[in-house]
Amino acid sequence: MTAPWLVGLDVDGTIILQDETMSPGVPEAVARLRDAGHEVTIATGRSWMATRRWVEQLELAPEFVVCSNGAVTMRRVGDDWERWHIETFDPSPVLALLRDRLPDARYMVELGSGLRLFTEHLDDWTLDGGRQVGFEELVAEPVSRVVVVSPGHDEEDFHRLVADAGLNEVSYAIGWTAWLDIAPQGVDKGTALERVRSELGIEPGHVFVAGDGRNDIGMFGWALGLDGRAVAMGQAPTEVKDAAGEVTAAVEDGGLAMALNTLPAAAQVSAGE
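Rules behind the numbers
- Residues numbered from 1 in each chain as written.
- Predicted model: local features only at pLDDT ≥ 70, side-chain atom pairs only at ≥ 80, totals over all residues.
- Heavy atoms only, no water.
- Helix = DSSP H or I, 4+ residues; strand = E, 2+ residues; numbered from the N terminus.
- Rg over C-alpha atoms; globule rule 2.2 N^0.38 Å.
- Buried < 20%, exposed > 50% of the residue type's maximum accessible area, 1.4 Å probe, protein only.
- Contact = heavy atoms within 4.5 Å.
- Areas by Shrake-Rupley, 256 points an atom, 1.4 Å probe, with all protein chains shown as cover.
- Axes fitted to C-alpha atoms, helices over the stretch in contact; angles between N-to-C directions.
- Parallel < 35°, antiparallel > 145°, perpendicular 65-115°, else oblique.
- Nonpolar A, V, L, I, M, F, W, Y, C, P; charged D, E, K, R; others polar.
- Pairing = 2+ DSSP bridges.
- Arc of directions from axis to C-beta.

Visitor: An account of the overall build of the protein chain is requested, with residue identities and associated values reported.
Guide: Looking only at helices and strands, the protein chain features nine helices and 14 strands. Taken over the C-alpha trace, the protein chain has a radius of gyration of 19 Å; the compact-globule value for 273 residues is 19 Å, and the two agree within 12%. In terms of principal-axis extent, the alpha carbons of the protein chain reach across some 70 × 40 × 35 Å. Residues classed as buried in the protein chain amount to 51% of the 273 residues present. When contacts within the protein chain are restricted to residue pairs at least 6 apart in sequence, those whose partners lie at least 24 apart make up 58%. Accessible surface, the protein chain: about 11600 Å² in total, of which carbon and sulfur atoms supply 47%.

Visitor: Any details on the packing of helix α6 (residues 189-200) against helix α7 (residues 217-225)? Residues and values, ideally.
Guide: Relative orientation of the contacting elements α6 and α7 amounts to 40°, with a least axis distance of 7 Å. It follows from the interaxial angle that α6 and α7 lie oblique. For the pair formed by α6 and α7, the contact residues are Lys189, Gly190, Leu193, Glu194 and Arg197 on the first element and Gly218, Met219 and Trp222 on the second. Split by residue class, the contact of α6 with α7 holds three nonpolar, two polar and three charged.

Visitor: Can you tell me about the sheet that holds strand β9 (residues 143-149), naming the residues and giving the values?
Guide: Taken in spatial order, the six strands of this open sheet run β8-β7-β6-β9-β11-β10, and their pairing is mixed. The open sheet has two free edges, formed respectively by β8 (131-132) and β10 (170-174), since each of these has just one partner strand. Taken together, the five bridges between β10 and strand β11 (residues 180-184) define a ladder with antiparallel strand orientation. Counted as the bridge partner of Ile174 is Leu180 from β11.

Visitor: Requested: an account of α7, with residues and values cited.
Guide: Within α7 the residues assigned to the buried category are Met219, Phe220, Trp222 and Ala223. Buried residues of α7, viewed axially, fall in a sector of 165°; they line one side. Buried-residue contacts for α7 involve β1 (6-9), α6, β12 (207-211), β13 (229-232) and α8 (238-243). Looking one or two residues past α7, Asp227 carries a phi angle of roughly 65°, positive in sign.

Below, the structure is given as structure tokens:
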């Protein structure tokens, strides 16, 4: 029987399209691997609140799910989930820098408990159970994540801002909808997936990850460092493709399903054997 693989999948631009419909062929490809005994999970920049629906819609059955760019790892406990491993940091220095440079930006932080605090509502954010607060309350306690959206600024503006502000005390990624997502230093999807792989006892070379954003570069390096597979989606930026070991078709063309279908199915033993 084929030894199980750990399969870590990004959500936006990998599993789903921008309108949040599934990329062609993904449910079927995921079901094949799940039923074959592989550990298929999600590794996303989204919070757990915005991730759980995709675990359920894809009918996944992983023991762990990686959220918030690796700062939060959830673990299944019976029919429910617990916050198994949380990384936090003091957001005050970076928020002070950003507020000085982006006075009109909207800010959100995610506390270690999962509670989200935000300065202004934004439709793209999942804020159920969250609380609108003043800027000062955002920095009152350690957080697992900071998200910044600045109207009128595009992705290149964010790149310049990151360079000018010297954001080297935290890890950051710039999403496809041009927001800045900041995590604790040294934390990314790859660091969380390594913790999961070790806990599950999966062979180092049997890891497969797929994604399309700069926040996937860390997990690409992790997978390739273990002689595993790292797949960039066809629409990914050049630097993301360069960091991957393979490039598949774009998300709208079913690129993830194509890549997943190259993974081996476990040998099935019939009832008569």
